[in-house]
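# Chain and residue survey
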Amino acid sequence: MLYRSWEAPLTLGKSSIPSVQFISATPPSGTIGYAKDEEGNVVAIGVSEGSPLKATIRNLAETNEVGIFRPEYYNQGKYTVGYTFLIHPPVEYDTTSSHLNLKFAGASHIPYRNVKITIPSAKVEKLYAYPPSLKTEKMGEAFVISGSIAENENLAVEILSNADGFNQIQGYRNKVGNVREATSWAAFWYNLTYYVAYFLNYCAKIAVIAVPLLLLAIYHWYGREKAFTVPEYMSTIPNPAMKPWQVNLLFKGDALDFDEDGYYASLLDLHRRKIISITEKGEGKGIEIRVLSGATTDPYEQRVLGFIDLVSENSVLDTSRIEALALRAKTNTGAEETALKYQRSLTDVTRRVDSSIISQYIVDGRDLLVPLLLSGIVLFAITLIFAFIASLQSYILLPAAFLWGIVVAQAILSFAAPSTLFGHWKDDRYKEKLEWDAFTRFLSDMAMIQKYAPVDLSMWGEWLVYGTALGVGDKVERAMKTLNIHVADTGVPIGVMGMNSAFVPLMHFSPPSHGKSGGSGGFGGGGFGGGGGFGGGGAGGR
């Protein structure tokens, strides 16, 4: 069956209520034209009353439906059928105007690729076509409405005439007030959702293209750095006055990220400066840390000393005791609370530092991207919510939401880039950054280390400390073993690999779980606006 349904009552004769009266059909060869009215009565063109085909049509057809039936099923191709109906619609009127609202397709139909509606222009004072994307032209003595509509989208025409304009129509007149104003306002509000949907869709298309261009412009205006000439490799420490944690924060990875390498490097540096004492108990047995002096004014180093004091017992931080505590915490509540307290303090010194120094070195380009990211998220959310609320416009809004999602993804990717990509290093700080990069490359290259290996063992200690801060301390340590240089002879008692493993039990401690397991009908029509027209329904197939 290929059919055309109606939301309004379909009748085979005149009715006492607004209705669509079936007059005739011209089915293509090889098919049977039919109509089934609101009461279930069936007309099958060319089929006798007692034919099994009519009984089949009666069982298969829906109420208020016309169509063509082919018992052998349809082959691929084009089938053209014409219908003639007599419309008995509701007509609203007042002392100056009359109003007719016809809905040709409503809540359930296939997409219409080509729509053409011809309306005689005589006595038509104002014409509204829905959806507003349809094109309306005056051709001779008629208005021609053309275009396409999406699946299940309303196709309607609303007409204003003078008070007697629709007297020739066999409709049902209903006197109301302010017909012209009601029609105008209903059309405005109905079309507004379309205009908003089109606007969001249009803006999304522009944004997908404009955002990469905007990011390129931001980089051009704010992200380009001054040109400096720096050696590819540097064996000398670019700025020995900098604290290891500052080097980790600014020159390892992104200039806004601090990690545990800055903490380990600070411990090694504090030992080298004799503020703390680090002793290795033996391979695999952990380390002991003692505070020898509080002679540091650096806030981060003071916090590190505070952590050591918190975890110490009898003025000694013994990492083997911490490991045993982590094991007991799996079955002992008191030990668990202590382990969690130590872990929070360790997380604090391995993740958080005073970031005020960052503003002395860089302009964070992510600040410029925040409005872009927030705008994309807000417009994506608005478009998606609107698509669910305004279902008729979802075919416009869902593609727009997808495009806004791409805009958000573009913004997130740019936000995930290094902070200086769309920002820049201040003054000559970029030269210092290049020097630290050259120093990092040097410490990562065994051949270069062997070529410039210093005689002064204390220099090896400095390399190990700053190499740890830069994330390449393990490579320096392996180079020292290759060259048969003992770490303890450099003023640093233990390598970064041993330091790292000593704090792993506490850093990766996970407490055991303490949770408990558990276990209407009606034809409508006659209203104002594109959604309230008389008729409805639409074409389909089964």
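Reading guide: rules and limits
- Residues numbered from 1 in each chain as written.
- Predicted model: local features only at pLDDT ≥ 70, side-chain atom pairs only at ≥ 80, totals over all residues.
- Heavy atoms only, no water.
- Patch = residues over 30% accessible without salt bridge, like charges linked within 9 Å, V, L, I, M, F, W, Y side chains within 5 Å.
- Areas by Shrake-Rupley, 256 points an atom, 1.4 Å probe, with all protein chains shown as cover.
- Salt bridge = Lys/Arg side-chain N within 4 Å of Asp/Glu carboxyl O.
- Helix = DSSP H or I, 4+ residues; strand = E, 2+ residues; numbered from the N terminus.
- Buried < 20%, exposed > 50% of the residue type's maximum accessible area, 1.4 Å probe, protein only.
- Pairing = 2+ DSSP bridges.
- Axes fitted to C-alpha atoms, helices over the stretch in contact; angles between N-to-C directions.
- Contact = heavy atoms within 4.5 Å.

## Structural notes on a nonpolar patch on the surface
Taken together, the side chains of Leu12, Val43 and Ile45 make up a nonpolar region of the molecular surface, amounting to roughly 180 Å² of accessible area. As for its placement among the helices and strands, Ile45 is situated in the loop between strand S5 (42-44) and helix H1 (52-60). Ile45 sits in the partly exposed class, given a relative accessible area of 34%.

## Here's the deal with the pairing of strand S8 (residues 90-93)
In terms of strand pairing, S8 meets strand S15 (residues 172-175) through 4 bridges, oriented parallel. Bridge pairing in S15 places Tyr93 opposite Lys175. Here 2 bridges tie S8 to strand S9 (residues 97-105), and the two strands are oriented antiparallel to one another. If you follow Tyr93 over to S9, its bridge partner there is Ser98. Where S8 folds back onto S9 in an antiparallel hairpin, the turn is made up of 3 residues.

## Some words on the sheet that holds strand S1 (residues 2-5)
Reading across from one edge, S5-S4-S6-S1-S22 is the order of the 5 strands in this open sheet, with antiparallel pairing throughout. Either end of the sheet is taken by a strand with one partner, and the two such strands are S5 and strand S22 (538-541). Direction aside, neighbouring strands of the sheet carry axes that sit 15 degrees apart on average. Relative to S22, S1 is paired through 4 bridges, and the arrangement is antiparallel. Looking at S22, one finds that Tyr3 is bridged to Gly540. Packing of H1 onto the sheet brings it into contact with strand S4 (32-36), S5 and strand S6 (65-69), and relative to S5 it is tilted by some 135 degrees.

## Looking at the pattern of salt bridges
In the structure shown here, the tally under the stated rule is 22 salt bridges. For the salt bridge of Glu288 with Arg290, the shortest nitrogen-to-oxygen distance reads 3.4 Å. Across the pair Arg429 and Glu432 runs a salt bridge, and its minimum N-O distance is 3.7 Å. Highlighted residues: Arg429 and Glu432, both in helix H11 (residues 429-444), separated by 3 residues, approximately one helical turn. In this structure Glu432 comes out as buried when scored by relative accessible area, which is 12%. Residues joined by salt bridges that share partners form a network here, namely Lys243, Asp269, Arg272, Arg273, Glu301 and Glu462.

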